[in-house]
Amino acid sequence: MSRQEAFFKHITEGNTNKGEYITLGSAMLDGKTVKNAYVNVPLKTMNRHGLIAGATGTGKTKTLQVLAENLSEKGVPVLLMDIKGDLSGLAKPSPGHPKIDERHEAIGLPFEPKSFPVEILTLSEQNGVRLRATISEFGPVLISRILDVTETQAGIISVIFKYCDDNKLPLLDLKDFKKILQYATSEGKEEFEEAYGRISTASTGAILRKIVEIEQQGGELFFGEKSFEVDDLLRVDDNGRGYINIIRLTDIQDKPKLFSTFMLSLLAEIYSTFPEQGDTGRPELIMFIDEAHLIFNEASKALLSQIESIVKLIRSKGVGLYFVTQNPTDVPEAVLSQLGLKVQHALRAFTAKDRKAIKLTAQNYPDTEYYDTADVLTSLGTGEALVSALNEKGRPTPLAATMMRAPMSRMDILTDTELSNLLSDSKLVKKYNEKIDRESAYEMLNKKIELAEKEEQLEKAKQEKAALEKAKSKSSSSRKSTRMNPIVKVLTSATFIRSVFGILTKVMKK
Ligand SMILES: Nc1ncnc2c1ncn2[C@@H]1O[C@H](COP(=O)(O)OP(=O)(O)O)[C@@H](O)[C@H]1O
Ligand SMILES: [Mg+2]
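Described below are features of the structure shown in this document. Quantities reported herein were computed from a predicted structural model and do not represent experimental measurements.

### Observations concerning the overall build of the protein
From N to C terminus, the protein includes 20 helices and twelve strands. Per-residue burial for the protein yields a buried fraction of 45% across its 510 residues. Long-range contacts, defined here as pairs at least 24 residues apart, represent 80% of the contacts in the protein between residues at least 6 apart.

Written out as structure tokens, the structure is:
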């Protein structure tokens, strides 16, 4: 058997699967694409997380696009963190190109231009489905982490939440949260002291200053109603294709706190609401973070440690997390060691630091009889990558320099008109983008303060009213409403979620 034949056998045998899989392209030997030597990734191990790395312009984002498309086709929903804003083209078919035909001819795969079901989401004022969450849903533990407060201040935040629970005051937005903090040391001082002990103005002042920091990064847009239900990320269209949810984060770089807040809440909610997955052989949701180094560089310690713990835990929920970044060393070591799929595009050897990074990266891959890894790393062309996946048994597939297939959708972004058409057709935009500001802690406390001022009159009126009501209820049969009070509903669900978060934090500390 020739070396070429042996290689073909090595690759095809190592990429044979019983269950469903996606094809990334064909393997290359000595710089040439070997037709039909397909490099496959089984769906079964895609919850084992992954990395797409390589220098700028080597094809990382297109690899992400290819993965997202092929997952969608298999009915797996996808969530993309689009930091540079270059992924909306997934909603339109590729116009095609002679170079793409050439590529696919070499790989031995037909090229079919296609569009995919896409939702555009946003954390800020950009167009898209608005992602929001209420303060109640966050709970005291997560809020304290996000605000990065001291133990004492975290204790006060817990007391505030307890008070709001006890008094049925919904904490929806930052306005509510600030109001109750002020109330605890002014009008409500005695009431608080009696029930929970003294709260110092210095501490609430410090917490308020931390809230201002979040506000300055657009937090008031994020906190509030209507809160996003993570189940809406799991939609499949009428043709059985998974939705590709793209979160536009182009304006997030100068708002690291807001991004950390969002990621923490998303990961925690996914973890607490997704059911434990049996051996279904396919992932529930795949998340990609493009330009992840921008996130890791700015990420809070809380986010980093949460990501490190959650990558271990979230796997069992059928959720895979994929990082797209320039250097593998951008990803925290604890995360790196857990990644199942690695797609390494070319690295450039300009500086001594570059050469060191190449050496380090090469060490993460086994040398094979077909490749000198460090050599391949610097000689890969655009849209070519070293791929190492996990087979259905969880063992590494043969290392393959791979000619990646081209995206079936457009490699360029949508025009403004295309984007606004997409958004006007979106069910989720209709569901989430109406602005709600219903009565919550802010309004209720203001009322309470007013009421207290008129206490005497009120007390009197109350007594009269009670007497009247008594007389009434005697005459008419009671007509109690069976509908749940919306405020009670929020509180009960918030309490539920919070206790789950409590469990989560315990798990995290282990
Ligand atoms: N799989 C691919 N198929 C076809 N062209 C590709 C592929 N990967 C990369 N390219 C080409 O290379 C360019 C840069 O790729 P991109 O993914 O944006 O790089 P990166 O994200 O690493 O900076 C693309 O605009 C495209 O022309
Ligand atoms: Mg890119």
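### Structural notes on the site of ligand 1
In the region of ligand 1, 16 residues are neighbours, and G59, K60, T61, K62 and G383 sit closest. Elements with a contribution of two residues or more to the shell around ligand 1: α2 (60-73) and α3 (98-107). Of all the elements, α2 adds the most residues to the shell around ligand 1, at four residues. Split into classes, the residues belonging to the shell around ligand 1 amount to five nonpolar, eight polar and three charged.

### What to know about the environment of Q253
Among the secondary structure elements, Q253 is positioned in the loop between β7 (244-248) and α10 (256-273). In this structure the C-alpha to C-alpha distance between Q253 and K84, which are 169 residues apart in sequence, comes to 9.8 Å.

### Re the nonpolar core
In terms of nonpolar packing, the biggest core is built from 132 residues, with L80, I180 and F288 touching the most fellow members. Both domains that meet at this core, namely domain 1 (3-131 + 238-414) and domain 2 (135-223 + 437-468), each give it at least three residues. Not counting chain neighbours up to four residues away, the residues in contact with L80 comprise A68, L87, I244, N245, I246, I247, F288 and D290.

### A word on the environment of P407
Of note, P407 is situated in the loop between β12 (400-404) and α16 (416-424). Spatially, the C-alpha atom of P407 lies 42 Å from that of S144, the residues being 263 residues apart in sequence. The residues contacting P407, other than those within four sequence positions of it, are K62, Q65, V66, E69 and S94.

### Description of the pairing of β7
The element β7 is extensively covered by neighbouring structure, given that five of its five residues are classed as buried. Neither face of β7 is open: one carries I244, I246 and R248, the other N245 and I247, and all of them are buried. Here strand β4 (residues 78-82) pairs with β7 via five bridges, running parallel. Residue pairing for β7: V78 is matched across the bridge by I244. Where strand β5 (residues 118-122) and β7 come together, five bridges link them in parallel fashion. Within β7, the position partnered with T122 by the bridge is R248.

### As for the sheet that holds strand β10 (residues 341-345)
Strand order in the open sheet formed by twelve strands is β2-β1-β12-β11-β10-β3-β9-β8-β4-β7-β5-β6, with mixed pairing between adjacent strands. Both outer strands of the open sheet, β2 (32-42) and β6 (129-130), are each paired with one neighbouring strand and no more. Bridge count for β4 against strand β8 (residues 285-289) is four bridges, and the pairing is parallel. Paired with L79 across the strands is M287, a residue of β8. On the sheet, α2 packs against β1 (21-29), β3 (50-53), β4, β7, β8, β9 (319-325), β10, β11 (384-388) and β12 and is oriented at approximately 160° with respect to β4.

Reading the values: the criteria
Residues numbered from 1 in each chain as written. Chains lettered and ligands numbered in written order. Predicted model: local features only at pLDDT ≥ 70, side-chain atom pairs only at ≥ 80, totals over all residues. Helix = DSSP H or I, 4+ residues; strand = E, 2+ residues; numbered from the N terminus. Buried ≥ 20, exposed ≤ 12 C-beta atoms within 10 Å, placed from the backbone. Contact = placed C-beta atoms within 7 Å. Near = placed C-beta within 6 Å. Nonpolar A, V, L, I, M, F, W, Y, C, P; charged D, E, K, R; others polar. Core = buried A, V, L, I, M, F, W, Y, C linked by C-beta atoms within 7 Å. Domains from an automatic or database assignment. Pairing = 2+ DSSP bridges. Axes fitted to C-alpha atoms, helices over the stretch in contact; angles between N-to-C directions.

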